[in-house]
Amino acid sequence: EHETPVASAAARGAGARVAISNSDRVIFPEANITKGALADHYAAVADIMLPWVGNRPISLVRCPQGRSRKCFFQKHDAGTFGGHIKHVGIAEKDGHEEPYLFIDDAEGLLACVQMGTIEFHGWGARIEDVEKADRLVFDLDPDEGLGFEAVRSAAFEFRDLLAQIGLETFAMVTGGKGVHVIAPLTPQAEWPEVKDFARRFAQAVAQASPERFTAALPKAQRKGRIFVDYLRNQRGATAVMPYAVRAREGAPVAVPLSWKELETIDGPAHWYVGDAAALVRRARSSALTGWGRADQVLPDL
Ligand code: ATP
Ligand code: MN
Ligand code: MN
């Protein structure tokens, strides 16, 4: 059942300051969810989402005509976004700078929704220093046909193996098919080192259990296995942000959860647009206190 979203006073104010046009436009036809309902979701979760999505370069999945029409992945401003959506200049490989997007308030979130955004993805670095990672993400991608049980036990295995080398991790269900196992980092190591660490760790896990995991890119090698997508951990790569809605059937949401909750949850898509009040309540509950926070750096591997 769907509850009425309760936005903070600040986010309600932001809703009042960012006009949402065509709010009756249906964005999720199968669930009859409108652009207005999507804006209500983001207004309601703004306070719990902004600590994660704010002040880092973001990419947007925009589907202005709804999720079943053309969607595109956008990382630069096309010049039409307006003042609530901000820019950080980042050097491309050839040295020239491009304006990447970032937001730092509820108005920014809602301005993105006004531009047709469904999903918010973020770099693993903050705008203050985009060369230094502030998190590692092991994106566990199950092959078709693998049940959630396999993903769940994989996530716990990553948690335990990373704990053995001194990294505390946190789980997030993506709203899609998998789980992200996230290790927050104090920004210190730069991308080449972070990517190398992630690759070697993923390959070591896959080598130890080749029947369950692969870190290899060719799709054929993923048959019946969980693909450990370590490539979220390279410069410019993004991962879906907590409380982002996915442009998938039924409007599922990416949700942080405690390890204890992961034991009992039924699948990676468990909360949907309409569940914002419940999401805000759980985000403020003791089960999630400290989620995503740890003072740690990359260990030697
Ligand atoms: P699932 O649990 O279903 O795997 P997910 O969010 O982990 O959900 P993936 O397909 O594993 O999805 O991850 C793909 C990642 O690649 C996304 O998180 C996103 O940040 C990034 N991505 C998606 N589309 C594009 C694109 N067109 N260009 C660049 N990066 C993209
Ligand atoms: Mn994934
Ligand atoms: Mn992936």
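Preceding this section is the structure that the text describes.
Calculation rules
Residue numbers run consecutively from 1 along every chain, following the written order of its sequence. Throughout, the order in which chains and ligands are written sets their labels, letters from A for the former and numbers from 1 for the latter. Totals for whole chains, interfaces and linings use every residue, but because this is a predicted model, local features are given only for residues with pLDDT of at least 70 and side-chain atom pairs only at 80 or more, for both listing and counting. For each residue, a C-beta position is placed from the backbone atoms; the residue is near a molecule or strand when that point lies within 6 Å of it. Numbered from the N terminus, helices here are DSSP runs of H or I no shorter than four residues, and strands are runs of E no shorter than two. In this scheme the burial state of a residue depends on its C-beta neighbours within 10 Å: 20 or more other such atoms mean buried, 12 or fewer mean exposed, and anything in between means partly exposed; the C-beta positions come from the backbone. We define a nonpolar core as a collection of buried residues of the types Ala, Val, Leu, Ile, Met, Phe, Trp, Tyr and Cys that are connected via C-beta atoms lying within 7 Å of each other. Contact between two residues is assigned whenever their backbone-derived C-beta positions fall within 7 Å. For two strands to be treated as a pair, DSSP must find at least two bridges joining them.

Asks: Please explain the site of ligand 1 as it appears in this structure.
Replies: Around ligand 1 sit 13 residues, and of these Phe 73, Thr 174, Gly 176, Gly 178 and Thr 238 come closest. Going through the elements one at a time, strand S8 (135–142) and strand S13 (238–240) are the ones with two or more residues in the shell around ligand 1. Considering each element in turn, the shell around ligand 1 owes the most residues, three residues, to S13.

Asks: Would you mind showing me how to read unusual backbone geometry here?
Replies: A negative phi angle characterises most non-glycine residues, just as the trans form characterises most peptide bonds. Positive phi, close to 50°, is recorded for Asn 22, a residue that is not glycine. Checked against the element boundaries, Asn 22 lands in the loop between helix H1 (9–17) and strand S1 (26–28). When the 13 C-beta atoms within 10 Å are taken as the criterion, Asn 22 is described as partly exposed. The phi dihedral of Ala 251 is positive, around 60°, even though this residue is not glycine. With respect to the element layout, Ala 251 can be found in the loop between S13 and strand S14 (255–257).

Asks: Any chance you could explain the nonpolar core here in plain terms?
Replies: Here is a general trend for soluble globular proteins: nonpolar side chains tend to be buried in one another's company. Ranked by size, the top nonpolar core spans 90 residues in total, and within it Leu 38, Val 45, Met 49, Leu 110, Val 228, Tyr 243 and Val 253 carry the most contacts. Considering each element in turn, this core owes the most residues, 13 residues, to helix H2 (residues 35–53). In contact with Val 45, other than residues within four places in its own chain, are Tyr 243, Ala 276, Leu 279 and Val 280.

Asks: What am I meant to see in the sheet that holds strand S10 (residues 179–184) here?
Replies: Strand pairing in a sheet is mediated by backbone hydrogen bonds. Such pairs are either parallel or antiparallel. With mixed pairing, six strands are arranged side by side in an open sheet as S11-S12-S8-S10-S9-S14. Strand pairing shows two members of the sheet lacking a second neighbour, strand S11 (213–214) and S14, which therefore form its edges. Both S8 and S10 contribute to a ladder of six bridges, which runs antiparallel. Bridge pairing in S10 places Leu 140 opposite Val 179.

Asks: Would you mind going over the environment of Asp 275 with me for this structure?
Replies: On the secondary structure map, Asp 275 appears in the loop between helix H6 (259–264) and helix H7 (276–283). Residue classification places Asp 275 among the buried positions, given that 23 C-beta atoms sit within 10 Å. Measuring from C-alpha to C-alpha, the distance between Asp 275 and His 41 comes to 8.1 Å, with 234 residues separating the pair along the chain.

Asks: How should I be thinking about the pairing of strand S3 (residues 58–62) in this particular structure?
Replies: The two faces of the sheet receive side chains in turn, since in a regular strand these alternate between them. Among the five residues of S3, five are classified as buried, and the element is accordingly described as predominantly covered. Here S3 shows no split at all, with Ile 58, Leu 60 and Arg 62 on one side and Ser 59 and Val 61 on the other all buried. Pairing geometry for S3 and strand S7 (residues 117–123), over five bridges, is antiparallel. In the strand pairing of S7, Ser 59 is matched with His 121. Bridging between S3 and strand S4 (residues 72–74) involves three bridges; their strand directions are antiparallel. For Arg 62, the partnering residue across the bridge sits in S4 and is Phe 72.

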